[in-house]
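These are the residues of each chain, in order.
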Amino acid sequence: MKFALFGGAAAGALLASQVAFAAPEVKIDGSSTVYPVTEAVAEEFQKAKKGAVRVTVGISGTGGGFKKFCRGETDISNASRPILAQEMEACKNAGIDYIELPVAFDALTVAVSPKNNLISEITVDELKKIWEPAAQGKITNWKQIRPEFPDMKLNLYGAGSDSGTFDYFTEAVVGKAKASRGDYTASEDDNVLVQGISGDPQALGYVPFAYVHENPGKLKPLKVVDPQTGKAVAPSMETVIDGTYQPLSRPIFIYVNRKSADRPEVKEFVEFYLTKGAELAQEVGYTPLPAEAYKVAMDRFAARKTGTAFGGHPEVGMKIMDLLARELKS
Amino acid sequence: MASLSPSISIEATGSGVADIRANVARRRRWDVLFAAFGLLATSVGVITLLALFIDLLIDGYHRLTPDFFLSFPSRRASEAGILSAWVGTCLVMLVTAVVGVPIAVSAGIYLEEYAPKNWVTTLIEINVSNLAAVPSIVYGLLALGLFVYALGFGQSVLSAGLTLALMIMPVIVVATREAVRAVPHAIREAAYAAGATRWQVTRDHVLPYSVPGIATGVIIGLARAIGETAPLITIGALTFIAYLPDPPLSTTPPYVSFDWLWSGFTVLPIQMFNWVSRPGTAFHANAAAAGIVIVVLTLLMNAFAIYLRYRLRKKINW
């Protein structure tokens, strides 16, 4: 009886759908940060192709995505950071060449509760003092951030250690990826952090910019002082695009398998991504690259230039056009 | 009991009666106290579940439109639906049931009716009981190595179904054994006395009588599998998939196709998990709606198990 129940439901559902045929497939996996952008592009692409091409997107994290990519299981890998040395090695051993294409910006926002009137800007040094591993159990009061602050308990909220946000924040602030104090409210789910910071006047935390954008009025984003220019800059689409919101903004990437790029469906998908990416990224709360960056990326893809602009380690605070002008290494 | 039954020697003295009344009153108090505690303990579970479910309903019920069931995932929360997720769940559960149930039920019957009682079977028994308590992620890791890579099934409906089948088999084995054990020995002995073989005894007597218990175990196992996320993420379930697997039946020869077994998939809990972690509250309503669908599916399966047990038990008369 139970077979009849399940079998009937499944068979009914499938019969109801139009008879499918073996359509060409574009397989994508990787970062959860890049996922919303790629999902939007995949959705529009499938609509434009009227279902003639199947696009699948998984969420394995940037690292998990590269593992599959370098085994040749996926055509495109979503990455919220550049490919690392050991991943380059794995791809090389498997004979997989890749084309590195930045597709949007991801910015991190340091935020406090709207009820907090003490602070409106913060320096990277102050952030480092708060978040470095040595601060654990020691920096627990607002007074310790700046002497003029009142004697008030400091409640910290941040990304969980499995998240790309955590990697990037620690890299940009502490100087070493994954180096962070552990005694703070950590969650992989940024909505939890938004809720926590929003209601707690003693809170300070960091969340991806998209979450500030989607929750207007719930958070008070802080200006961050760029250590190179000494200017305090508020996070916004404009400051991220013109590269002045530093160091907490970074480009996010897709990596395309060089061999897959010869398949017409993958080629069309990537071209669609670079054409419609700006508009769709903005729609899902991300910051698009400047228009000329998509042009340069398109040229790079058309010329099938493989390799990475990074030496296998993440970097902080570079301008997108400088990045695109760099020599590629593999 | 003894103190409550009338006794001649106590009736003779007035103070004895008062003592007994006090004694009885004290015991009654404890009785009432425990009943109250028991009621409280029961309601903690029920009320928590109810509160969660009502919360889901408030957040998600307005999304439960036909379109929600017939749409693929989308970047726009109001257009996103669970079509690929619920079809995926049904297909994965189909594989799980077809593969897991016959094997687990056979194993349970073998262990109870056929297996000699020696240290090997004892070892197997202990292992099966332990396996029922192994965290599901461990099955995911095993399946990633075995089904996805070693056997080359890939990130497919087949791999997912087999993984969940492995996961629920110990539960079904244990339930089967208990159901079989509950069949009175006199019935087996009567059949043996009439010259039946062991298989005849099992097929004609033990199995029909133990079906209610086995069915309960099967459905509890499947209800557990339907909400599983961790092992499926491990073996590479997809998150965005906007097409359905090839249909198993078609109007052109050869009419039956098994291509869907090799298809990529997503399932309801994964779709829900993805929506929960999205920025913006619009997606959270979708997640709540998907949650309602999962809870209702699970409740329906359990209700079906209870109904089945009730119907089949009525047929048993020994």
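Because the structure is a prediction, the values reported are computed rather than measured.

## Notes on the layout of surface pockets
Alright, step 1. For the second largest pocket, the calculated volume is near 440 Å³.
Alright, step 2. For the second largest pocket, the lining is made up of 24 residues, of which A:E25, A:K27, B:Q155, B:W262 and B:G264 are closest to its centre.
Alright, step 3. By residue class, the composition of the lining of the second largest pocket is 8 nonpolar, 8 polar and 8 charged.

## Things to note about empty space enclosed by the protein
All names here are of chain A.
Alright, step 1. In the structure shown here, the tally under the stated rule is 5 cavities of 30 Å³ or more.
Alright, step 2. Considering only enclosed or pocket space, the largest cavity measures out at about 80 Å³ in volume.
Alright, step 3. Along the walls of the largest cavity sit S80, R81, P82, Y168, R250, P251, F253, F310, P314, E315 and M318, which together make up its complete lining.
Alright, step 4. A total of 3 residues in the lining of the largest cavity trace back to one element, the largest contributor, which is strand β12 (residues 249–257).
Alright, step 5. Looking at the lining of the largest cavity, its residues break down into 7 nonpolar, 1 polar and 3 charged.

## Topic: helix α5 (residues 124–131) of chain A
Residue and element names in this part refer to chain A.
Alright, step 1. For α5, the complete set of buried residues consists of V124, E126, L127, I130 and W131. Buried residues of α5, seen end-on, are gathered within an arc of 155 degrees and therefore sit on one face of the element.
Alright, step 2. Residues of α5 that are buried in the fold lie against β4 (98–112), β5 (121–123), β6 (155–159), α6 (164–173), β8 (203–208) and β10 (223–225).

## A short note on the domain arrangement of chain A
All names here are of chain A.
Alright, step 1. Assigned domains within chain A: domain 1 (22–104 + 252–329) and domain 2 (109–241).
Alright, step 2. Taking the mean C-alpha position of each, domain 1 and domain 2 sit 29 Å from one another.
Alright, step 3. Taken together, the contacts link 12 residues of domain 1 with 11 residues of domain 2.
Alright, step 4. Both faces combined, the contact of domain 1 with domain 2 buries some 950 Å², and carbon together with sulfur accounts for 62% of it.
Alright, step 5. Per-residue buried area on domain 1 facing domain 2 is highest for G285, T287 and V316; these three make up 46% of the total on that side.
Alright, step 6. For the pair domain 1 and domain 2, the interface holds 0 residue pairs in polar contact (both at pLDDT 80 or more).
Alright, step 7. Within the side of domain 1 that touches domain 2, the residues separate by chemical class into 6 nonpolar, 5 polar and 1 charged.

Thresholds applied
For every chain, the first residue of the written sequence is number 1, and numbering continues from 1 onward in sequence order. Starting at A for chains and at 1 for ligands, labels are handed out in the order in which the entities are written. Per-residue local features are limited, in this predicted model, to residues with pLDDT of at least 70; the limit for side-chain atom pairs, both in listing and counting, is 80 or more; totals at the level of whole chains, interfaces and linings are taken over all residues. Hydrogens are left out, water is left out, and the side-chain values use all remaining heavy atoms of the structure. Using only the protein atoms, space was sampled on a 1 Å grid; points where a 1.4 Å probe fits but cannot get out form cavities, open sets with protein on both sides within 12 Å along at least five of seven lines form pockets, and lining residues are those with an atom within 4 Å of a point. Grid points are joined across faces, edges and corners, and a volume is the space filled by probe spheres set on the points. Residue classes follow a fixed rule: Ala, Val, Leu, Ile, Met, Phe, Trp, Tyr, Cys and Pro count as nonpolar, while Asp, Glu, Lys and Arg count as charged, and any other residue, Gly among them, counts as polar. Runs of E in the DSSP output that reach at least two residues are strands. Runs of H or I that reach at least four are helices, and both are numbered from the N terminus. With a 1.4 Å probe rolled over the protein chains alone, any residue whose accessible area is under 20% of its type maximum counts as buried; one over 50% counts as exposed, and the rest are partly exposed. For this quantity, the arc is that covered by the directions from the helix axis to the C-beta atoms. Should any heavy atoms of two residues lie within 4.5 Å, those residues are counted as being in contact. For the domain bounds, the source is a domain assignment made automatically or taken from a database. Buried area is a sum: the accessible area each of two parts loses on coming together, probed at 1.4 Å, counted once for each and added. Polar contact criterion, stated in full: a pair of N or O atoms within 3.5 Å, where within protein one must be able to donate a hydrogen and the other to accept it, and residues adjacent in sequence count only if both atoms are side-chain atoms.

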